[in-house]
Amino acid sequence: MTTSPRDDDRLRAEAIAILRENDLGAYTIPTKGLYPFQWNWDSCLVALGLARIDEDRAFREIETLFAHQWEDGFVPHIVFHADAQSYFPGPDVWDTRRATPTSGITQPPVAGFCLRRLYETASDREAAAARTKALLPRIAAWHRWFHATRDPEATGLVAILHPWESGRDNSMDWDEALARVSPEGVGEYVRRDTSHVDAAQRPTKAEYDRYLRLVQIFRGLGWDHGALHEASPFKVVDPGFNAILIRSAEDLAALAEALDEPAIAEEAARHAAAGRAALEGLWHEGLGQYACFDRAAGALVESASIGGLLPLFALEPGHARAAVLAKRIETVCARARHPVPSHDPADPRFDRLRYWRGPLWLVANRMILDGLARHGHVDAATAIARDGLALVARRGFAEYFDPLDGRPLGGGRFSWTAAMVLEFLD
Ligand code: 9YW
C-alpha cells in the first residue's frame, strides 16, 4: 500500500494535532481515557515526534520522566502525575510511597536510543548538547540499575520480573512462566481497560489476576529492588528487551563520547559488548530466531514472537545472524498482509485481535525497520514504513492493528502512533 503527497500532508497535520491534544504541558499521555498518565517508553518514543514540532518540548518529555527516577537509578513504567479514575491499577495499588506516585516496575529502556536521535537531529546544537549532557548520568544510572538488580549473576543479560515490563504485556512469550504464578489471594478488583476497549482485544482475566498478584508480591517487599529478582516467581530474559537495552547502551556510549564524558562512554560500551556476547545464548535454532529464556525454569521458551526479531536493532553491522534474521522477518511478514505481526501467524496461538498476540504496532515496526536499514536492507525498511503510513491514512491513529486486514484496534488517537507517523514521513 502507498500514500499520495496529499495523504502525507494530511497525516502530518493530524499527527501533530494528536500530539498537541495529548500534551499535558511537561508530559504526554498515550491516549485519553484508557491511559491518563505518563508511560516510560511511550514518552521516549513520543519525543521523537515532538522533536519535529518543538525541540525544547521533546527534551522536556524525557526530562520529566527522569525527574521521577528513584535514588537507586530505577525509572518507573508509569508516573501518576495527577489523579484519574479511568485506569486500573492506580497509585493505591502500587503503593510505592513516592512524593509523586509511580509504579514500581520499569519498561523497555529506549531512552538512550531516543536521546541520541534527538541530539543528532536538533537544529539548536548548543541547547541540545547541554540538555543531552545533563541526561547522560541519569540514563547511565538506570542502565547500571538494570545490571545490578536484574542480572545479579553478571550473565550480560537482564530479566524482566513482570510482563508489563516488556511493553508486550500478553505476548505468548510469558504464557508458561505466568502460569506458574499462583493467582491465589489476589482478591476482587475492577478492571477499567475493558470499559474503553473490546475485551477481545485485551489480556484475559486469568492474565490480569497474575499481573496483579506479582504487583502484590513486590509491594509486600516494600519495592526493595535489590530483593525482587530473587523473590519473583516470574523472571524472563527477553531478547527484545535486551536488544533495546544494548542498543541504548551503544547510543549512550556514542553520546558520552561526543559530549566528553569518558567514564560513561566506557561503562556503556562495556555493557553493550557483554549484552551482545550473551545474546547469542538466546538463539533458537528450531524457530530460526531469538527466543526468551525463562530464568526460573532454566529453559528457552518455544515462542516465535516479535521480541525475537528485535535483536536486529542491536546486532553489530556485519554480524553473521543479521542476514538470517532479516530473512526470518521477511518470512513472518509474508504470512500477514501488513508488517510486522507481533507473533508469527503460523503459530496456532496467533490471535489477530488480541493485543501483543498478533496485532502490529508501529513502535515495534520503528525498531525493526531501523534494524533492517542498519544491516543494509533499506528497501525492506522503507516498505514497512510506507505500509504503516498507508494503514494510518486509511484506518486512523489506532493503538495497534489487525495484521491480516488492517482493522484498527485498542485505543484511538494514540500518541506513539502519531509520533511514528512523523518518523515514517521522513
Ligand atoms: C496496560 C501505554 C502502554 C504501553 C504498553 C502497552 C500498554 C498498558 O499500553 O500497556 O495497562 O496494559 O502494552 O507497551 O506502554 O501505551
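Residues numbered from 1 in each chain as written. Predicted model: local features only at pLDDT ≥ 70, side-chain atom pairs only at ≥ 80, totals over all residues. Heavy atoms only, no water.

Peer 1: When you look at the overall build of the chain in this model, what are you seeing that I'm missing?
Peer 2: In terms of helices and strands, the chain carries 17 helices and 9 strands. The C-alpha atoms of the chain give a radius of gyration of 20 Å, which matches the 22 Å a tight globule of 426 residues would have. Principal axes of the C-alpha set define a box for the chain whose edges measure 55 × 50 × 50 Å. Among the 426 residues that make up the chain, the fraction classed as buried is 61%. In the chain, of all internal contacts separated by at least 6 residues, the share reaching a separation of at least 24 is 71%. As displayed, the chain offers around 15,400 Å² of accessible surface, 51% of which is attributable to carbon and sulfur atoms. Charge-centre separation for the chain: the mean point of 48 positive side chains lies 3 Å from the mean point of 60 negative side chains. (Helix = DSSP H or I, 4+ residues; strand = E, 2+ residues; numbered from the N terminus. Rg over C-alpha atoms; globule rule 2.2 N^0.38 Å. Buried < 20%, exposed > 50% of the residue type's maximum accessible area, 1.4 Å probe, protein only. Contact = heavy atoms within 4.5 Å. Areas by Shrake-Rupley, 256 points an atom, 1.4 Å probe, with all protein chains shown as cover. Lys, Arg positive; Asp, Glu negative; His and termini not counted. Charge placed at Lys NZ, Arg CZ, Asp CG, Glu CD.)

Peer 1: Honestly, the site of the ligand in this entry has me stumped. Any pointers?
Peer 2: In the region of the ligand, 14 residues are neighbours, and Asp-42, Tyr-87, Gly-167, Asp-169 and Tyr-355 sit closest. In this structure, Tyr-87 approaches the ligand through a side-chain N or O atom, which is 2.8 Å from an oxygen atom. Take Trp-356: an N or O atom from its side chain is 3.0 Å from an oxygen atom of the ligand. Isolated, the ligand exposes 380 Å² of accessible area, and the fraction of that covered by the protein chains is 98%. Taken together, the residues that form the shell around the ligand break down as 9 nonpolar, 2 polar and 3 charged. (Near = heavy atom within 4 Å. Polar contact = N/O pair within 3.5 Å; in protein donor to acceptor, adjacent residues only side chain to side chain. Nonpolar A, V, L, I, M, F, W, Y, C, P; charged D, E, K, R; others polar.)

Peer 1: It is not clear to me how the side chain of Ser-103 should be interpreted in this structure. Could you clarify?
Peer 2: On the secondary structure map, Ser-103 appears in the loop between helix H4 (91–94) and helix H5 (111–121). On the basis of relative accessibility, which here comes to 0%, the residue Ser-103 falls in the buried class. A polar contact is formed between the side chain of Ser-103 and the side chain of His-77, at a distance of 2.7 Å. Here Ser-103 is in contact with Trp-70, Phe-74, Pro-76, His-77, Ile-78, Phe-80, Trp-94 and Thr-96, once residues within four sequence places are set aside.

Peer 1: So what exactly am I meant to see when it comes to the packing of aromatic side chains here?
Peer 2: The geometry of two aromatic rings is summed up by the distance between their centres and the angle between their planes. Following the criterion strictly, the structure yields 30 aromatic pairs and no others. For the pair Tyr-35 and Phe-414, a centre-to-centre distance of 5.9 Å together with 85° between the ring planes defines the contact as edge-to-face. Residue Tyr-35 is found in the loop between helix H1 (5–21) and strand E1 (38–39), and its partner Phe-414 is found in the loop between strand E9 (408–409) and helix H17 (415–424); the two are separated by 379 residues along the sequence. Given the relative accessible area of 7%, Tyr-35 is considered buried. Site record: aromatic cluster; members linked through ring pairs are Tyr-35, Phe-37, Trp-39, Trp-41, Phe-80, Tyr-87, Tyr-355, Trp-356, Trp-361, Tyr-400, Phe-414 and Trp-416. Just above the ring of Phe-313 sits the side chain of Arg-247; from NZ or CZ to the centre is 4.7 Å. (Phe/Tyr/Trp six-rings, centres within 6.5 Å; stacked < 30°, edge-to-face > 60°. Lys NZ or Arg CZ within 6 Å of the ring centre and 35° of its normal.)

Peer 1: I would appreciate a short explanation of the environment of Asp-370 in the present structure.
Peer 2: For Asp-370, the location among the structural elements is in helix H15 (residues 362–374). In this structure, the C-alpha to C-alpha distance between Asp-370 and Ala-314, residues 56 residues apart in sequence, is 9.6 Å. When near neighbours in sequence (up to four residues on either side) are disregarded, Asp-370 contacts Phe-113, Arg-247 and Phe-313.

Peer 1: Looking at this structure, how should I read helix H14 (residues 320–334)?
Peer 2: Three- or four-residue spacings in an α-helix give side chains the same orientation, since the helix completes a turn every 3.6 residues. Within H14 the residues assigned to the buried category are Ala-322, Leu-325, Ala-326, Arg-328, Ile-329, Val-332 and Cys-333. What you see down the axis of H14 is that its buried residues fit within an arc of 160°, all on one side. Exposed and facing more than 90 degrees away from the buried side of H14 are Ala-320, Ala-323, Lys-327, Glu-330 and Ala-334. (Arc of directions from axis to C-beta.)

Peer 1: Even after reading the chapter, I still don't get unusual backbone geometry, so can you show me in this structure?
Peer 2: The step from Phe-88 to Pro-89 runs through a cis peptide bond, and the omega angle for that step is 5°. Mapped onto the elements, Pro-89 comes out in the loop between strand E2 (78–79) and H4. Look at the link from Pro-339 to Val-340: it is a cis peptide, with omega at -10°. Relative to the assigned elements, Val-340 resides in the loop between H14 and H15. The phi dihedral of Ala-154 falls on the positive side, at around 50°, and the residue is not glycine. With respect to the helices and strands, the residue Ala-154 is situated in the loop between helix H6 (125–150) and helix H7 (163–166). Owing to a relative accessible area of 64%, Ala-154 belongs among the exposed residues under this scheme.

Peer 1: Where do I start with H15 in this structure?
Peer 2: If you check H15, its first and last C-alpha atoms are 18 Å apart, about what 13 residues at 1.5 Å a residue would give, namely 18 Å. H15 sits mainly inside the fold: 12 of its 13 residues count as buried. Those residues of H15 not exposed but buried are Leu-362, Val-363, Ala-364, Asn-365, Arg-366, Met-367, Ile-368, Leu-369, Asp-370, Gly-371, Leu-372 and Arg-374. Where H15 terminates, the next one or two residues include Gly-376, which has phi positive at roughly 90°. (Expected span 1.5 Å × (residues − 1).)

Peer 1: Would you explain the packing of helix H2 (residues 40–50) against helix H3 (residues 55–66) in this entry?
Peer 2: Helix-helix packing: each pair is described by the crossing angle between the helix axes and the interaxial distance. One way to put it is that H2 packs onto H3 with a least axis distance of 8 Å and a crossing angle of 170°. Classified by the angle their axes make, H2 and H3 are roughly antiparallel. Touching Asn-40, Ser-43, Cys-44, Ala-47 and Leu-50 of H2 are Glu-55, Arg-57, Ala-58, Glu-61, Ile-62 and Leu-65, all from H3. Looking at side-chain class alone, the contact of H2 with H3 contains 6 nonpolar, 2 polar and 3 charged residues. (Axes fitted to C-alpha atoms, helices over the stretch in contact; angles between N-to-C directions. Parallel < 35°, antiparallel > 145°, perpendicular 65-115°, else oblique.)

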